[in-house]
Structure formats: C-alpha cells, structure tokens
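Single-letter residue listing:
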Amino acid sequence: MKLSLYNTLTKKIEPFEPLNDAEVRIYSCGPTVYDYAHLGNLKAFLFPDILQRTLRIVCGYRVKWVMNITDIDDKTIRDSAIGSERWNPAFGEQSLDPKVNLKVLTSFYEQEFRNDLAMIGIKHSDISIMPRATDFIADMQDLIRNIHDSGYAYISEGSVYFDVAKWREKEHYGRLFAIDVEHFKSGVRIDADEYSREHVSDFVLWKAVKDAEPFWDFTVAEQQLPGRPGWHIECSAMGHALLGLPFDIHTGGVDLRFPHHEDEIAQSKAGYGQETAQFWCHNEFLEVEGKKMSKSFGNFYTLRDLLDKGMDPMDIRFSMVNAQYGSVFNFTEFGLESASKARKRVQEYIYSCFEGNLGHDNHAEELHRLKQDFFSALCDDLHMPRAIEALFTFMKMCPAQALSHRDRPAFLELIHDINEIVGVWTIAPRPEMDEIPKEVKELAQQRWDAKASKDFTKADVLRKEISARGYVIKDSKDSYTILKEE
Ligand code: AMP
Ligand code: ZN
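Residues numbered from 1 in each chain as written. Chains lettered and ligands numbered in written order. Predicted model: local features only at pLDDT ≥ 70, side-chain atom pairs only at ≥ 80, totals over all residues. Heavy atoms only, no water.

(A) Summary view of the packing of aromatic side chains. In total, this model carries 23 aromatic pairs according to the counting rule given. When the centroid spacing of 5.4 Å and the interplanar angle of 65 degrees are considered together, the rings of Phe16 and Phe279 count as edge-to-face. Separated by 263 residues along the polypeptide, Phe16 in the loop between strand 2 (12-15) and strand 3 (24-28) and Phe279 in strand 13 (residues 277-283) bring together distant segments of the chain. An identical accessibility class is assigned to Phe16 and Phe279; each is buried. Centroid distance Tyr173 to Phe258: 6.5 Å. Interplanar angle 75 degrees. Geometry classified as edge-to-face. Taken together, the residues span a long stretch of sequence, with Tyr173 in the loop between helix 5 (164-170) and strand 7 (189-190) and Phe258 in helix 7 (residues 257-272) at a distance of 85 residues. Neither residue differs from the other here; Tyr173 and Phe258 are each classed as buried. Members of the aromatic cluster, connected to one another through ring pairs, are Tyr152, Phe162, Trp167 and Phe203. Above the face of the Trp216 ring, Lys99 is positioned so that its terminal group lies 4.4 Å from the ring centre. The side chain of Arg189 reaches across the aromatic face of Tyr161, ending 5.5 Å from its centre. (Phe/Tyr/Trp six-rings, centres within 6.5 Å; stacked < 30°, edge-to-face > 60°. Helix = DSSP H or I, 4+ residues; strand = E, 2+ residues; numbered from the N terminus. Buried < 20%, exposed > 50% of the residue type's maximum accessible area, 1.4 Å probe, protein only. Lys NZ or Arg CZ within 6 Å of the ring centre and 35° of its normal.)

Below, the structure is given as structure tokens:
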C-alpha cells in the first residue's frame, strides 16, 4: 500500500515515494534533556513512531530512523549551572567544570527519556540512532565554516551569525511558515534559540563563550572563537552526518516550523548546497484547556505523574495514538478514561476469540472490509481515528462468539497486523487466573453449552454447583465471566 502525507513544504497531501529504493530515512527532532518529557513531547515522538511502523509494516520499506538528543542549548546550560538534588548526587559540591555539570544533568534526563519511550511502547530497536548533539560538535563547526566560506555568515563579537538578508536575495526564506518579514531589519542579530515570527533576525550559528558556560575551541576565518553551537545548527549537522542530504522525512512539532526548521533548511542549503528533506511533517500540539502543554506554562503532566495516579501506560499510548497527528489534541483525564475503556473493549474481544463457543456465520466479507478500511485510513495521512473506528464497527457487527472456526484465526491474524502499528494489545489467551479452580472453569463452560442448547434446567443445576464452590457467573450477550462470590 502507498502512504500519502501532508507536506508542510508544499502545503499538500502528497503520495510518498522514497528518494532511494534501499530505505526510507527519517529524522525526528528529539527532546531537549533538561527536564522530564511531558505528554506533549511524547506525542511528538508517537507520531514518527506510527509513521515508521506504517512505512515498514504496511508499505514494506526498510526504515532508518534518527532521533537526536539535544544535550546542549540555552536551557540545559541554564539548569546545569543551577544544579539540583534530583539529578545530581553530588549537589552542593558540583564540579568546577561546566561540561561535567552539563553531562550530569543531560545523562540523567536522557535515561529518564529512554525509560519513558520504552514505557509508552516506542521500541528502542526501531530507532536506528539517537545521536547526542555534543558528539557532533566537529560536524557543526565544519558546516559553520562552509556557510562562512560561501558568504552567508559573519562574525560579530566572537559569535557567528547567519546573514538572512543576503540569503533572501537568493533564496526564499519562509518556506515552511509564513514569517513576518515586514519587521525584518538587516543586520539585527538574535542569540536566543527560540524566537517568534515577528522577530526574524540574523540567527546565531555559534555563540561566543560566556562566563562559566561550557565551550569548545573553534577557528573560523583564522579567528579563534571559543564557544558553543546554536540550537538550529545541531540538527543540520546531525541529519547530514547520519542520513545524508536530502533525506526523506523530517518530523517535529508545529512550533519547530519556525525558526528551527526554517533555519535548518537555510543552513544546510548554504553550507552543503543541498535541500534537507523532501517531506516536512509536523504534529499539532497537545493542549490542556486550550493552551499548549508546556513546561513554561506550568500546565504539564509527565508520564510518571499519570503512572503515579495508577494509569496504564498502554491506555496513555492509545489515547494519543488514536488521534490524527495534524489536529490539536485536547488532553483531559476524562478522555484518557474513555480511551482506556475503548482499549479494554478491544482487548476483551481478543481474549474472547480464544475462549467459548464458535459461531457458524460467515464474516469473511466484514473481515475483508476491516482490513481495507483500517489500512486505507492509515495510509491517508495516518488517519488513526478512522482506522480505529473501522475496528469498532467490525466488533459491533461481528461479536467474538459469532466468529466461526475460520473467521477467528483470520481475525486474530488481522488484529496482530493492526497491533504491529497501534501497539497496545496482547494477542494471546487471557492470562490464567490462578484463583479460579479448573473444575469451576469446566462447570462454567458446561453451563454455557447447556444454555446455548436451551437446556436451562441443566444450566441452573450447574450454576448452583458453581455457586457452592464460591463463584458466580456473569453473562453478557456473547460470553461469560467467572467471578468470586462476594
Ligand atoms: P523539546 O524537548 O522542547 O525540544 O520538544 C521536543 C518535541 O516536542 C518537539 O518536536 C516539540 O515540537 C514537541 N512539543 C513540545 N510541546 C508540545 C505539545 N504541547 N504538544 C505536542 N508536541 C509538543
Ligand atoms: Zn531539531
């Protein structure tokens, strides 16, 4: 099957074809490891997870997926200088070397992030490489030198800036996002990593060393410029080093369209002479009461916040996966509970396919439709809500106990394939409930059979026998559950 994706570069949904037959190359802007990831961040990584699973499993491509770790930027440096008992056992006796303090902070949160990924069902084995920015400083320096040599960078007070005015004489700046060039003043410089579209300026490629900040030696145009990279140059250099340019798909949240990704495009074209990626795909925000979930707004939940409240990580995954990545996702605890119920309904259906009586109807057509509807919705710009709806429509029309000896294995095979993408169910018989004795289970099955053949007298006798052993049977339309008598 072929996948269509919304491309921020062209503002259209386009059929996806890899640039190179051998594999699809994806780069995802990864976390800045200065704090625990919040749910919004995790949603930004669940999107490329579903994308790469679809490309591999549904479209049949090999995938190389790179997700970087931003372990040097304004925020990591700021917090590593302050220190905290949370992540630094030697708090109070911090190192005098700022690079050591930076490493202590970022290693702690990188490990926490890796744990979060595993918990939320993003497999480490699916991510080909997780490069740390600090391991690619030499590549960033080479790129900055190239940009300087090609005339699109200049040095000012020990820092290096990208010359946006000069770039705009030759190239379109604002390819991903309509930026406000009205207020643009040639030669105005900005050192901050993040700024708004109203503040288009010459952005920083390399920042001069300040006070007690970590720094690296750097020579450009025969000048010694000790300092550290700007944030945008990090992804340009890592994408080029690990995937080669242009690669297939670049992902990130919508907030990264400008300036981060716009600047990435300009830097890589100016320094490497190449486009960055053929598809730019951006996930919309996860919001709480109409506001972006963000550390700076203080309205964020981490995964551990929800796990501490007793929530199941698979319910959390399901709630965020069962949304179209390009639409704003409104996070509420009520929504999470509904997602939990929906996920459990499917799980119950799967368990039922391993137990109880077989039906006689033929559901081959509905199974075929489910397969068709699920995967075609997925291939239509990863429209997961429509895909999941197809599953619920099927379950409603074809109760598990109605599936015949042919349909049940066919369904289990199909749900296995669906779960390779969604990743939240267990395709296996219900775990043995040790506390229910085997003989009670046998009596329950005999009673179910008696009921099915309308021998209600026998069914009643069996119910009493079960009750005498301390158990009750709760019937639903298509199956039964054995419960301990209160
Ligand atoms: P950061 O750790 O801040 O560098 O962000 C990592 C990723 O999370 C980026 O792709 C951001 O665009 C994305 N992101 C940040 N906040 C949200 C949010 N509330 N909803 C969805 N994605 C987000
Ligand atoms: Zn990035």
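(B) Summary view of the domain arrangement of the chain. Partitioning the chain into domains gives domain 1 (304-422) and domain 2 (438-484). For domain 1 versus domain 2, the separation of C-alpha centres amounts to 29 Å. For the pairing of domain 1 and domain 2, the buried interface totals around 430 Å² over both sides, and the portion due to carbon and sulfur atoms is 42%. Together, Asn357, Pro399 and Gln401 form the three largest contributors to the area buried by domain 1 at its contact with domain 2, with a combined 76%. The tally of links from domain 1 across to domain 2 stands at 0 salt bridges. At the boundary of domain 1 with domain 2, the tally comes to 0 residue pairs in polar contact (both at pLDDT 80 or more). (Domains from an automatic or database assignment. Buried area = accessible area lost by both parts, 1.4 Å probe. Salt bridge = Lys/Arg side-chain N within 4 Å of Asp/Glu carboxyl O. Polar contact = N/O pair within 3.5 Å; in protein donor to acceptor, adjacent residues only side chain to side chain.)

(C) A look at helix 9 (residues 313-321). Across the 9 residues that make up helix 9, a large majority, 9, are buried. Along helix 9, the positions that sit buried rather than exposed are Pro313, Met314, Asp315, Ile316, Arg317, Phe318, Ser319, Met320 and Val321. You can read the cap of helix 9 off the contacts: a side-chain oxygen lies 2.8 Å from the backbone nitrogen of Met314, and it is on Asp312.

(D) Up close: the sheet that holds strand 14 (residues 286-288). What the 3 strands build is an open sheet, ordered 15-14-16; its pairing is mixed. Bordering the open sheet on either side are strand 15 (291-292) and strand 16 (329-330), each of which pairs with just one other strand. In the sheet, strand 14 pairs with strand 16 via 2 bridges, with the strands oriented parallel. Looking at the pairing, Leu286 lines up with Phe329 of strand 16. (Pairing = 2+ DSSP bridges.)

(E) Spotlight on the coordination of the zinc ion (ligand 2). Binding of the zinc ion (ligand 2) to the protein goes through Cys29 (SG), Cys235 (SG) and His260 (NE2), at separations of 2.1 to 2.2 Å. Mapping the donors of the zinc ion (ligand 2) onto the primary sequence gives the spacing C-x205-C-x24-H. Taken together, the residues span a long stretch of sequence, with Cys29 in the loop between strand 3 and helix 1 (39-58) and His260 in helix 7 at a distance of 231 residues. The pair formed by Cys29 and His260 is uniform in burial state, with each residue classed as buried. (Donors = N, O, S within 2.8 Å, 3.2 Å for Na, K, Ca; no water.)

(F) Expanded view of the packing of helix 14 (residues 438-452) against helix 15 (residues 456-468). For the pair helix 14 and helix 15, the least separation of the axes is 8 Å and the interaxial angle reads 160 degrees. Classed by the angle they form, the pair helix 14 and helix 15 counts as roughly antiparallel. Two packed elements cross with a definite hand, and for helix 14 against helix 15 that hand is left-handed. Contacts from Val440, Leu443, Ala444, Gln446, Arg447, Ala450 and Lys451 in helix 14 reach Phe456, Lys458, Ala459, Leu462, Arg463, Glu465 and Ile466 in helix 15. Grouping the amino acids of the contact of helix 14 with helix 15 by side-chain chemistry returns 8 nonpolar, 1 polar and 5 charged. (Axes fitted to C-alpha atoms, helices over the stretch in contact; angles between N-to-C directions. Parallel < 35°, antiparallel > 145°, perpendicular 65-115°, else oblique. Left-handed = near helix turned anticlockwise from the far one by under 90°. Contact = heavy atoms within 4.5 Å. Nonpolar A, V, L, I, M, F, W, Y, C, P; charged D, E, K, R; others polar.)

(G) Representation of the site of ligand 1 in the model. Taken together, 18 residues lie around ligand 1, and Thr32, Gly253, Asp255, Leu286 and Met293 are the ones closest in. In this structure, an oxygen atom belonging to ligand 1 sits 2.8 Å away from a side-chain N or O atom of Thr32. Within the side chain of Asn283, one N or O atom sits 3.4 Å away from a nitrogen atom of ligand 1. The fraction of the free accessible surface of ligand 1 (500 Å²) that becomes covered by protein chains is 93%. Those elements that place two or more of their residues in the shell around ligand 1 are helix 1 and strand 12 (247-253). Here the element with the most residues in the shell around ligand 1 is helix 1; it accounts for 4 residues. (Near = heavy atom within 4 Å. Areas by Shrake-Rupley, 256 points an atom, 1.4 Å probe, with all protein chains shown as cover.)

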